[in-house]
Amino acid sequence: MNISYNWLKDYLLFDLSPEQLPEVLTAIGLETGSVEEVEAVRGGLKGLVTGRIITCEKHPNSDHLHVTTVDLGNGEPQQIVCGAPNVAAGQKVVVATVGTTLYAGEESFTIKKSKIRGIESNGMICAEDEIGIGSSHDGIIVLPEETPAGMPAKEYYKLESDYVLEVDITPNRIDAASHYGVARDLAAWLSLHRTPCAVRRPGVEAFRIEDPAPAVTVEVENTTACPRYSGVTIKNITVKESPGWLKKRLEAIGVRSINNVVDVTNYVLHETGQPLHAFDLREIKGNRVIVKTLPEGTPFVTLDGVERKLSANDLMICNAGNGMCIGGVFGGLDSGVTETTQDVFLESACFNPSWIRKTARYHGLNTDASFRFERGADPDNTLYVLKRAALLIKEVAGGAVTGPVQDVYPLKINRPPVALSLRKAGRLIGKHIPEDTIALILKNLEIEVLEKNGDCWLLNIPAYRVDVTRDVDVIEDILRIYGYNNVEVKEEIKSTLSYQTPADKNYKLQYLISEQLTGAGFHEILNNSLTASAYYEPSAAFPKTNAVFVKNPLSAGLDVMRQTLLFGGLETIEYNRNRKNPDLKLYEFGNTYFHLPERLKENNYLSAIKEEFKLALWLTGNTLANSWIRPAEKTSVYELKAYIENILSRLNIPLKKIACKPFQDDVFSDGLSIETLSGKLLGVFGILRKNVCRQFDIQADVYFAELNWDALLKENKNGQVKYTEIPKFPAVKRDLALLLDKNTSFSDIEKVACRTEKGLLKEVILFDVYEGTNLPEGKKSYAVSFILQDEEKTLNDKQIEAAMSRIQKNLEEKLNAKLR
């Protein structure tokens, strides 16, 4: 939200500079980022001064140029060649000195010493349009005779730069989403820490009904969605370009000027925080405004020319025949104010935040009005703002207020009082604040003390403070105005002994694996838990029926909770590849969510939701870049498998207790499931299908792994780190060349061997695979090394042969293996 420094001063007198103000606003909870200077005239008239023309002679080499001598007030008259027809001796003029930059639209040029038709010229005598203070180019500017020479033009024209502050308000502080709201908070701080001051609210005493003839009437059918609706008719206005002061105010904060009537509604919105809407009276059929909902699917064309299908829960502002505006969100194409509009109906309403939020999300709209309404408007402010806007419209567009003011407010909204304990305030703040200081802060925040009963005060909260509902909210307000930095930190430290919880251990291991992966060249990513349901439309691996849908999604692309980390990573890969960064190693820790209808318990939707914490890895592109010492080397699924095994080893999960089983689905063209020997699934990895990658315009192989972190932690609990002495006796290696069925994997061999010889067998290594000629059909050849070792003594030939015979026998029996 942009706040104008000069505009803020309309409501509050303060001496804080544009550099000091952001620090104060941030201290009271209105975090302020950048401060940008906005010049009243581009360039700020820097380098321009007033001058007096001493002499004016005709140019010897031109019939329309003049050679002048100009006194610039510094005792050194300058010779300037001028082509204006109205230049004459004795005139007071505006001069651009050498080095001054002048602007013409988006272009600029710098005044230099030059020769014009052979005569030296040291500056330029300026016209209005050349310095940006007007549009006339009929001749040079002639100033009054009493104007002194040498006065800076900025000083003469009394130009004042504005400063725009970028204020980031938190969602609960909608009361500060306006210049008046910021001034109100600032006044509370100044009254406590500087000089007592009060915020000035523009008066509306001049508002009156000029024509009592009946005008537009209002009916509210849905008072839940619209607790209060106020409006007034203004006739015989002239819609035209806004005056300079109004355009300048809006343009300073980045709001485009449209016309004088619409600009007033935008001005009052940013002044008070209350959205307004002006309807062309010609479009209000029957002179009736009806606030209601329309049937599901009703077409409606909004101001941007888009036809939208309405929801049955969209609150509409209608005339006697059809809808004119999506209440609190967006106006209609036909009912807006144009240059031909002569009469308007001005709306100032209070809408239910939930209704506005749902409608805005449903249509994917985010407007200044919806931003404020969905966080809560002040129901007590609608009439004041209506009168304020009506007076401004009369000022800039003329017209007469017609008919009685419409104000439908059937059930007044009363805020329940809040009980504040001063003892609790001191305990939470960590410091005793005197009662008179607390009373002053509350008074400055417009919080009324209804009664005092010893330590307990009963408070009446203003209607515009929709975020203050509990005593702790009041305590927070007291502290931010008192100043966080004014609460001293005590010298002594009170602490208790802590112990490591399972959550602490989880985080420690997560950090450990993060460090390991980062050290291996991976980059950590963090994606949104919300994703697009379209990703799950065709998927059998992640069926859409198991998706957890968001009731009021921010957009169509964020309508479900993710079932897998896969698609967020592919979006990241697509983003990087489109920016010439194709070689990627990525990992992410994150939650995934599943809807399991069979777990649903009566009246408990959350019972059907399952949440799992996952670790995902992605590899794509080259693992080694091309260089003079070696060619480029592509990543592979085997590299991914090595990273997974390193993770398991780091978590102290023995690889001997892990089995990998091949599978295929609509995500993996070739995949392996990682399971314990008891069949518990720990994760999956493999090569993603081409059609999955093509959804993200990825024309390269992507290798993906997704591990169930919770399951890995349980396996980690079962394992304990054991420290053993390095064996004193040598290991023995024996090789076997085995003829096997093609569907037999190395993990099958490893599993059989390890179960056969648990004592002596330390490792099984695959060092060659052959599939080709000279082998029976449906067969392949594995060359496997078996490492045997006894940690107590040296193995003899008899022990080695006995162990290898047992292994060979079981391989033959269980896997139908044959020695080659």
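See above for the structure.
So, here's what we can say about the structure.

Rules used throughout
Residues numbered from 1 in each chain as written. Predicted model: local features only at pLDDT ≥ 70, side-chain atom pairs only at ≥ 80, totals over all residues. Heavy atoms only, no water. Core = buried A, V, L, I, M, F, W, Y, C linked by side-chain atoms within 4.5 Å. Buried < 20%, exposed > 50% of the residue type's maximum accessible area, 1.4 Å probe, protein only. Helix = DSSP H or I, 4+ residues; strand = E, 2+ residues; numbered from the N terminus. Contact = heavy atoms within 4.5 Å. 1 Å grid on protein atoms, 1.4 Å probe; cavity = no way out; pocket = protein on both sides within 12 Å on 5 of 7 lines; lining within 4 Å. Points joined across faces, edges and corners; volume = space filled by probe spheres on them. Pairing = 2+ DSSP bridges. Axes fitted to C-alpha atoms, helices over the stretch in contact; angles between N-to-C directions. Salt bridge = Lys/Arg side-chain N within 4 Å of Asp/Glu carboxyl O. Expected span 1.5 Å × (residues − 1). Arc of directions from axis to C-beta. Phe/Tyr/Trp six-rings, centres within 6.5 Å; stacked < 30°, edge-to-face > 60°. Patch = residues over 30% accessible without salt bridge, like charges linked within 9 Å, V, L, I, M, F, W, Y side chains within 5 Å. Areas by Shrake-Rupley, 256 points an atom, 1.4 Å probe, with all protein chains shown as cover. Parallel < 35°, antiparallel > 145°, perpendicular 65-115°, else oblique. Left-handed = near helix turned anticlockwise from the far one by under 90°. Nonpolar A, V, L, I, M, F, W, Y, C, P; charged D, E, K, R; others polar.

Before going further, it helps to spend a moment on the nonpolar core. Counting residues in each nonpolar core, the largest one holds 81 residues, and the members touching the most others are Phe-14, Leu-21, Leu-25, Leu-186, Val-474 and Ile-478. Residue contributions to this core peak at 10 residues, all from helix H10 (residues 382–397). Apart from the residues lying within four places of it in its own chain, the contact partners of Leu-186 are Leu-8, Leu-12, Phe-14, Leu-16, Leu-21, Val-24, Leu-25 and Ile-28. Grouped together as the second largest cluster of nonpolar side chains are 32 residues, Leu-281, Met-324, Ala-349 and Leu-365 included.

Attention now goes to the layout of surface pockets. As a volume, the second largest pocket reaches approximately 760 Å³. Lining the second largest pocket are 30 residues; nearest its centre among them are Val-262, Asn-266, Leu-276, His-277 and Leu-303. Elements with a minimum of two residues in the lining of the second largest pocket: helix H7 (260–272), strand S15 (276–280), strand S20 (323–326), strand S21 (330–331) and helix H9 (368–373). Residue contributions to the lining of the second largest pocket peak at five residues, all from H7.

This part is about the environment of Asp-263. Summarising the element assignment, Asp-263 is placed in helix H7. For the pair Asp-263 and Leu-246, spaced 17 residues apart in sequence, the C-alpha separation works out to 7.4 Å. Once residues within four sequence positions are removed from consideration, Asp-263 is found in contact with Ser-242, Leu-246, Leu-250, Arg-256, Ser-257 and Ile-258.

Turning our eyes to something else, we now look at the sheet that holds strand S22 (residues 344–350). If you walk across this open sheet you meet the four strands as S15-S22-S14-S23, and the pairing is antiparallel. Two strands close off the open sheet at either side, each with one partner strand: S15 and strand S23 (400–408). Along the sheet, successive strands turn relative to each other by an average axial angle of 20°, direction set aside.

This part takes up the pattern of salt bridges. Scanning the entire structure with this criterion turns up 40 salt bridges. For the salt bridge of Arg-173 with Asp-175, the shortest nitrogen-to-oxygen distance reads 2.9 Å. Taking relative accessible area as the criterion, Arg-173 reaches 4% and is therefore assigned buried. The residue Lys-690 makes a salt bridge to Asp-701 at a minimum N-O spacing of 2.4 Å. A residue pair is termed long-range when its members are at least 10 positions apart, and Lys-690 in helix H17 (residues 690–694) and Asp-701 in the loop between H17 and strand S38 (702–708) qualify at 11 residues.

Despite not being glycine, Glu-446 has its phi angle at roughly 65°, a positive value. With respect to the element layout, Glu-446 can be found in the loop between helix H12 (435–444) and strand S25 (448–453). Overall, the relative accessible area of 37% leaves Glu-446 in the partly exposed class. The backbone of Asn-816 shows a phi angle near 60°, a positive value even though the residue is not glycine. If you trace the backbone, Asn-816 turns up in the loop between helix H20 (797–815) and strand S42 (818–819). You can call Asn-816 partly exposed: its relative accessible area is 40%.

Here the focus is the environment of Pro-22. In this structure, Pro-22 sits in helix H2 (residues 21–27). Residue classification places Pro-22 among the buried residues on the basis of a relative accessible area of 10%. Here the alpha-carbon distance between Pro-22 and Leu-165, two residues 143 residues apart in the chain, equals 7.4 Å. Discounting residues that sit within four places of it in the chain, Pro-22 has contacts with Thr-32, Val-35 and Leu-165.

Below, the discussion takes up helix H14 (residues 502–519). Compared with the 26 Å implied by 1.5 Å per residue over 18 residues, the 26 Å span of H14 between its first and last C-alpha is a close match. Those residues of H14 that sit buried are Leu-509, Gln-510, Ile-513, Ser-514, Gln-516 and Leu-517. What you see down the axis of H14 is that its buried residues fit within an arc of 160°, all on one side. Away from the buried face of H14 by more than 90 degrees, exposed residues Tyr-507, Lys-508 and Gly-519 are located. Positive phi shows up at Gly-521, right after H14, with a value of about 100°.

Before going further, it helps to spend a moment on the pairing of strand S31 (residues 584–595). Burial analysis of S31 places 11 of its 12 residues in the buried class, which makes it a mostly covered element. Bridge count between strand S27 (residues 523–524) and S31: two bridges; the pairing is parallel. Looking at S31, one finds that His-523 is bridged to Leu-586. Judged from the 12 bridges that link them, S31 and strand S32 (residues 609–620) form a sheet pairing that is antiparallel. When the bridges of S32 are listed, Phe-594 appears paired with Lys-610.

On to the packing of aromatic side chains, then. A full pass over the atoms with the stated rule returns 20 aromatic pairs. Taking 5.6 Å as the distance between ring centres and 90° as the angle between the ring planes, the aromatic pair formed by Trp-245 and Tyr-267 counts as edge-to-face. Linking Trp-245 in helix H6 (residues 244–252) with Tyr-267 in helix H7, this pair joins segments that are 22 residues apart in sequence. Residue class for Trp-245 comes out partly exposed when judged on its relative accessible area of 35%. Given the relative accessible area of 4%, Tyr-267 is considered buried. Ring centres of Tyr-535 and Phe-567 lie 5.0 Å apart, and the angle between their planes is 25°; on these two criteria the pair is classed as stacked. Placement of Tyr-535 in the loop between strand S28 (530–531) and strand S29 (548–549) and of Phe-567 in helix H15 (residues 566–577) is noted, with a sequence separation of 32 residues between them.

So, about a nonpolar patch on the surface. On the surface, Leu-600, Tyr-605 and Leu-606 cluster together into a nonpolar patch covering about 340 Å² of accessible area. Here Leu-600 is to be found in the loop between S31 and S32.

Take the sheet that holds S42 next. Spatially, the four strands line up as an open sheet ordered S40-S41-S39-S42, and their pairing is antiparallel. Single-partner strands in this sheet number two, and they are strand S40 (761–770) and S42. Across two bridges, strand S39 (residues 732–741) lies against S42 in antiparallel orientation. Its bridge partner lying in S42, Leu-739 is registered against Lys-818. Contacts between helix H19 (residues 746–756) and the sheet are confined to S39, S40 and strand S41 (779–788), with S40 contributing the most and set at about 150° to the helix. Relative to the sheet, H20 contacts S39, S40, S41 and S42, its axis offset from that of S39 by approximately 15°.

This part covers helix H16 (residues 637–650). Between its first and last C-alpha atoms H16 spans 20 Å; for 14 residues at 1.5 Å apiece the expected length is 20 Å, and the two agree. At the exit of H16 stands Asn-652, carrying a positive phi of roughly 60°.

Another point: the packing of H7 against H10. The interhelical angle for the contact between H7 and H10, taken along N-to-C directions, is 140°, at an axis separation of 9 Å. Classed by the angle they form, the pair H7 and H10 counts as oblique. Considering how the two elements wind past one another, H7 and H10 form a crossing that is right-handed. Taking contact as the criterion, the partners of Asn-260, Val-261, Val-264, Tyr-267, Val-268, Glu-271 and Thr-272 in H7 are, on H10, Tyr-384, Val-385, Arg-388, Ala-389, Leu-392, Ile-393, Val-396 and Ala-397. Among the residues forming the contact of H7 with H10, the class breakdown is 11 nonpolar, two polar and two charged.

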